[in-house]
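# Close look at the chain arrangement
This is what each chain is made of:
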Amino acid sequence: MPYYLGKHCGELTLFHSPRTPTSESHGHLYAAVIGPFHSRLGAHYFARYGRNNPHLRTAADAERLACADPRMDETVAEEGLTAEELAIARECAAEDSFESTSQPNLMDEIRQEATQPKE
């Protein structure tokens, strides 16, 4: 099913539709629609890097450039996951991020102990 980007209040929203969006079908949701894109990857790439980019004029350009851009590796990995797997992966990443920022650095603790005068 093709993917589209709908523009509303300056923001782009990814959606998919079995039929080409028209003013009658999607006009109440979006001021403009960009697409169709063959994959979420191409649509994400266009949304992130398409503004004022002379190399990115069509959905086919977005697909080609997205596959070649190493910045999109995480999006490529996410595209193959189910919604449940993606939710689990994001939860794990959030937990890892929290743990790495909330636990004190062991080396800092050792340095503090070594530099404190003994009573």
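Refer to the structure printed above.
The structure reproduced in this document is the subject of the present report. (Residues numbered from 1 in each chain as written. Predicted model: local features only at pLDDT ≥ 70, side-chain atom pairs only at ≥ 80, totals over all residues. Heavy atoms only, no water.)

## What about the packing of aromatic side chains?
Under the criterion given, the structure shown has 4 aromatic pairs. Relative to F15, the ring of Y4 lies with its centre 5.7 Å away and its plane at 25 degrees, an arrangement referred to as stacked. With Y4 in strand 1 (residues 3-8) and F15 in strand 2 (residues 11-16), the pair connects residues that are 11 residues apart, well separated along the chain. Neither residue differs from the other here; Y4 and F15 are each classed as buried. Taken together through their ring pairs, the aromatic side chains of Y4, F15 and Y30 make up a single cluster. Across the ring face of Y49, the terminal group of R71 is positioned such that the distance to the ring centre comes to 4.0 Å. (Phe/Tyr/Trp six-rings, centres within 6.5 Å; stacked < 30°, edge-to-face > 60°. Helix = DSSP H or I, 4+ residues; strand = E, 2+ residues; numbered from the N terminus. Buried < 20%, exposed > 50% of the residue type's maximum accessible area, 1.4 Å probe, protein only. Lys NZ or Arg CZ within 6 Å of the ring centre and 35° of its normal.)

## A short note on the nonpolar core
Core analysis: the largest hydrophobic core is formed by 10 residues, namely L5, F37, L41, A43, Y45, F46, L56, A62, A66 and M72. Every element with two or more residues in this core is listed here: helix 2 (40-49) and helix 3 (59-68). Looking at this core element by element, the count peaks at 4 residues for helix 2. Non-local contacts of A66, meaning those with residues more than four positions away in its chain, are made with L41, G42, Y45 and M72. (Core = buried A, V, L, I, M, F, W, Y, C linked by side-chain atoms within 4.5 Å. Contact = heavy atoms within 4.5 Å.)

## Observations concerning the packing of helix 2 against helix 3
Packing of helix 2 against helix 3 brings their axes to within 8 Å, and their N-to-C directions diverge by 90 degrees. In terms of axis orientation, helix 2 runs roughly perpendicular to helix 3. Facing L41, G42, Y45 and F46 of helix 2, the residues of helix 3 in contact are A62, E63, L65, A66 and C67. Residues of the contact of helix 2 with helix 3, tallied by class, amount to 7 nonpolar, 1 polar and 1 charged. (Axes fitted to C-alpha atoms, helices over the stretch in contact; angles between N-to-C directions. Parallel < 35°, antiparallel > 145°, perpendicular 65-115°, else oblique. Nonpolar A, V, L, I, M, F, W, Y, C, P; charged D, E, K, R; others polar.)

## Some words on the pairing of strand 1
Of the strand pairs in this sheet, strand 1 and strand 2 are connected by 6 bridges, and their pairing is antiparallel. Following the sheet pairing, G6 is matched in strand 2 by T13. The hairpin formed by strand 1 and strand 2 contains 2 residues between the paired strands, and C9 there has a positive phi angle of roughly 55 degrees. For strand 1 and strand 3 (residues 32-37), the ladder comprises 4 bridges, and the chain directions are antiparallel. (Pairing = 2+ DSSP bridges.)

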